[in-house]
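Observations on the three-dimensional arrangement
Given next are the chains, with one letter for each unit.
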Amino acid sequence: MSPAPIASTSVSPAPGKTHSGHAGHGFSTKAIHIGSEPSEETGAVIPAISLSTTFKQKSVGDFKYEYSRSANPTRDSLERALAALEGGRFGLAFASGSSVTATIVSALPPKSHIVSVNDVYGGTYRYFTKVATLAQGIETTFAELANADTQLVEQNLRKAMRSDTKLVWIESPTNPTLRLIDIPFVVKIAKSINPETTVVVDSTFLSPWYQNPLSLGADIVAHSITKYINGHSDVVMGALVTNSSAWVEKLKFLQNSIGAVPSAFDSWLALRGIKTLAVRMQEHGSSALIIAKALTQHPAVKDVIYPGLPSHPSFQLAQRQIAPKAFEKAVARGTAKGDGIEANGFPYGGMVTIRLASDARDEQAANKVLERLQIFTLAESLGGVESLVEQPSKMTHAAVSQEDRDLLGIGHNLIRISVGLEDVEDLLADLDQAFRAAGLA
Ligand SMILES: *Cc1c(COP(=O)(O)O)cnc(C)c1O
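Residues numbered from 1 in each chain as written. Predicted model: local features only at pLDDT ≥ 70, side-chain atom pairs only at ≥ 80, totals over all residues. Heavy atoms only, no water.

Moving on: the overall build of the protein chain. Of the regular secondary structure elements, the protein chain holds 17 helices and 12 strands. Rg of the C-alpha trace for the protein chain: 22 Å, near the compact-globule value of 22 Å for 441 residues, within the 12% margin. With respect to the three principal axes, the spread of C-alpha positions in the protein chain is 75 × 50 × 40 Å. Within the span of the protein chain, comprising 441 residues, buried residues form 55% of the whole. Within the protein chain, counting contacts between residues at least 6 apart in sequence, those at least 24 apart form 73% of the total. When the accessible area of the protein chain is evaluated, it comes to approximately 18,100 Å², of which 54% is carbon and sulfur surface. (Helix = DSSP H or I, 4+ residues; strand = E, 2+ residues; numbered from the N terminus. Rg over C-alpha atoms; globule rule 2.2 N^0.38 Å. Buried < 20%, exposed > 50% of the residue type's maximum accessible area, 1.4 Å probe, protein only. Contact = heavy atoms within 4.5 Å. Areas by Shrake-Rupley, 256 points an atom, 1.4 Å probe, with all protein chains shown as cover.)

What follows concerns the site of the ligand. Looking at the ligand, the residues that line it are Ser96, Gly97, Ser98, Tyr121, Glu171, Asp202, Thr204, Phe205, Ser224, Thr226, Lys227 and Met237. Contact distances for the ligand include 2.9 Å between an oxygen atom and a backbone N or O atom of Gly97. Between Ser224 and the ligand, the recorded distance is 2.8 Å, taken from a side-chain N or O atom to an oxygen atom. Bound to the protein, the ligand loses 92% of the 380 Å² it would expose on its own. Partitioning the shell around the ligand into residue classes produces three nonpolar, six polar and three charged. (Near = heavy atom within 4 Å. Polar contact = N/O pair within 3.5 Å; in protein donor to acceptor, adjacent residues only side chain to side chain. Nonpolar A, V, L, I, M, F, W, Y, C, P; charged D, E, K, R; others polar.)

Right, let's get into the sheet that holds strand S9 (residues 351-356). In spatial order, the strands read S8-S9-S12-S11-S10; together these five strands make up an open sheet with mixed pairing. The sheet terminates laterally at strand S8 (301-305) and strand S10 (377-378), the two strands that pair on one side only. (Pairing = 2+ DSSP bridges.)

Attention now moves to the environment of Ile417. Turning to its location among the elements, Ile417 is positioned in strand S12 (residues 414-418). Residue Ile417 is classed as buried on the basis of its relative accessible area of 0%. Considered as a pair, Ile417 and Val352 are 65 residues apart in the sequence and their alpha carbons are 5.2 Å apart. Look past the residues within four positions of Ile417 in its chain and what remains in contact with it is Leu295, Gly350, Met351, Val352, Ile354, Phe376, Leu388 and Val389.

Quick look at the sheet that holds strand S7 (residues 238-242) now. If you walk across this open sheet you meet the seven strands as S1-S7-S6-S5-S4-S2-S3, and the pairing is mixed. Strand pairing shows two members of the sheet lacking a second neighbour, strand S1 (90-94) and strand S3 (139-143), which therefore form its edges. Taken over all neighbouring pairs, the strand axes of this sheet differ in orientation by 20° on average, direction set aside. Alignment of strand S6 (residues 220-224) against S7, held across five bridges, turns out to be antiparallel. Counted as the bridge partner of Ser224 is Gly238 from S7. Lying on the sheet, helix H5 (residues 122-136) is in contact with strand S2 (113-117), S3 and strand S4 (165-171); it crosses S3 at an angle near 140°. (Axes fitted to C-alpha atoms, helices over the stretch in contact; angles between N-to-C directions.)

For helix H7 (residues 183-193), the set of buried residues is Ile183, Phe185, Val186, Val187, Ile189 and Ala190. Those residues of H7 that are buried lie in contact with helix H6 (150-160), S4, strand S5 (198-202) and helix H12 (315-321).

Turning next to the packing of H6 against H7. For the pair H6 and H7, interaxial distance at closest approach is 10 Å and the crossing angle is 35°. Once H6 is placed against H7, the crossing between them reads as right-handed. Between H6 and H7, the residues in contact are Thr150, Val153, Glu154, Leu157 and Arg158 and Phe185, Val186, Ile189, Ala190, Ser192 and Ile193, respectively. Split by residue class, the contact of H6 with H7 holds seven nonpolar, two polar and two charged. (Left-handed = near helix turned anticlockwise from the far one by under 90°.)

This part takes up the packing of aromatic side chains. Evaluated as defined, the whole model comprises eight aromatic pairs. Where Phe55 meets Tyr65, the ring centres are 5.5 Å apart and the plane angle is 40°; that geometry is what we call tilted. Taken together, the residues span a long stretch of sequence, with Phe55 in the loop between helix H2 (27-33) and helix H3 (73-85) and Tyr65 in the loop between H2 and H3 at a distance of 10 residues. Judged by relative accessible area, Tyr65 falls into the buried class, the value being 13%. Put simply, the rings of Phe315, Phe327, Phe346 and Tyr348 touch in pairs and so form one group of aromatic residues. Against the face of Trp247 rests Lys250, its NZ or CZ located 4.7 Å from the ring centre. (Phe/Tyr/Trp six-rings, centres within 6.5 Å; stacked < 30°, edge-to-face > 60°. Lys NZ or Arg CZ within 6 Å of the ring centre and 35° of its normal.)

As a further point, take the pattern of salt bridges. In the structure shown here, the tally under the stated rule is 16 salt bridges. For Glu79, the salt bridge is made with Arg75, and the minimal N-O distance between the two is 3.4 Å. Within this pair, Glu79 and its partner Arg75 are both found in helix H3, separated by four residues, close to a single helical turn. Residue Arg416 is joined to Glu390 by a salt bridge in which the shortest nitrogen-to-oxygen separation is 3.3 Å. Residue Arg416 is located in strand S12, and its partner Glu390 is located in strand S11 (residues 388-390); the two are separated by 26 residues in the primary sequence. On the accessibility criterion, Arg416 (3% relative accessible area) is buried. (Salt bridge = Lys/Arg side-chain N within 4 Å of Asp/Glu carboxyl O.)

Strand residues, when the strand is regular, have side chains that alternate between the two faces of the sheet. In terms of residue burial, S6 counts as a mostly covered element, since five of its five residues are buried. Burial along S6 is two-sided: the face carrying Ile220, Ala222 and Ser224 and the face carrying Val221 and His223 are both buried. Taken together, the three bridges between S5 and S6 define a ladder with parallel strand orientation. The partner of Asp202 across the bridge, within S6, is Ala222.

Most of S12 is tucked away, with five of its five residues classed as buried. Burial of S12 is two-sided: the residues Leu414, Arg416 and Ser418 facing one way and the residues Ile415 and Ile417 facing the other way are all buried. In this structure, S9 lies alongside S12, joined through five bridges in antiparallel fashion. Following the sheet pairing, Val352 is matched in S12 by Ile417. Note that S11 and S12 share three bridges and pair antiparallel. Following the sheet pairing, Val389 is matched in S12 by Ile417.

This is the structure:
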């Protein structure tokens with residue numbers, strides 16, 4: 001056997017090729033079986049953690065695996081599962097979500113131009129402005145793309161794009177104010193300006209259960225696996241999925257050359273997490289909807305931001321953009337109630353953002369609530385089984401200037417909630433007692 005061509009062993013093959021047994025199967029069937037085929041050697045139903053860094057060659061150049069940075073059997077299993085969940089051909093796993101960003105940007109020619117959504121993840125902003133600029137002379141224009149007014153979005157995008165724009169970077173929903181971007185619309189405009197533009201969607205907040213950007217026209221979908229995909233707050237990892245063989249060839253080369261790859265053990269943990277992704281996401285979503293609705297009625301809360309609530313400015317877009325299977329399951333489970341959706345909303349991820357009734361400039365009120373919560377943990381990050389809360393103005397978004405925070409609506413009374421899988425009654429009671437103890441209700 002000659003050295004592995006790119007799409008045969010080290011990069012997840014086309015679903016039609018090796019996953020043919022699962023064509024037409026649902027999300028969870030794929031999540032549980034693709035990448036976890038019983039071992040031909042031992043019959044083990046769960047893939048082994050393949051710790052070996054190097055592999056014996058039958059004769060020089062005759063090997064399936066060569067060296068674990070280039071490709072590793074456990075990572076391969078994970079990458080195949082990830083590709084299947086996003087409905088894409090190729091999956092690549094990285095040591096963190098941030099290294100996914102770094103690797104994609106490294107593939108751009110020097111002095112390229114990027115257009116990015118303005119309230120992009122802080123680490124992505126930092127990479128574009130502090131690293132890509134210095135290392136590659138890359139310039140980034142941050143544009144307001146999350147607006148219900150599509151004419152304004154088109155105007156902003158046309159103004160931001162240049163003849164040297166190589167990449168449009170989208171994150172939807174945005175963080176922490178959960179604004180939505182019309183992905184097919186942005187893709188359409190960007191490609192009409194220049195068909196060569198690559199559109200990347202960081203889909204971390206929704207996971208492959210609620211959103212599949214490749215089916216919405218994106219070229220690459222990026223994830224921080226650290227959040228929902230692994231889902232247990234015990235692995236830092238990232239991934240990307242694409243259908244483009246030109247892109248995967250470049251990115252696979254950089255994955256090996258830069259070397260920001262996950263360990264076999266972490267790959268195994270993430271693969272374990274993936275098997276329950278659909279059930280976890282449905283529960284995160286239904287509890288988030290219950291909490292969002294309940295807090296709308298609470299005197300301690302001024303605003304509730306949840307894209308599955310009819311009061312959200314992009315509620316209609318959320319219905320168009322949600323992965324169909326997530327919507328159908330929600331209707332079947334009764335968490336989205338047929339004609340009642342316009343009144344009752346539907347589950348759309350596990351993140352809920354609120355503004356307390358306290359003044360946006362009052363730095364202390366939110367902290368009084370946060371330190372009194374007993375079940376919610378005051379911590380950064382999101383997407384784990386345990387509920388987390390944080391104050392973006394002082395924590396995840398402290399590095400954003402006061403002026404930009406004001407523009408984005410990130411006052412000191414804004415609290416971001418990652419709704420976990422505890423009993424939702426307990427979560428509601430915990431929030432209520434903390435609001436009272438803080439004197440807000
Ligand atoms: C956490 C996060 C990242 C970065 O991922 P890491 O795994 O922490 O490196 C990127 N984008 C979004 C939206 C995130 O939430």
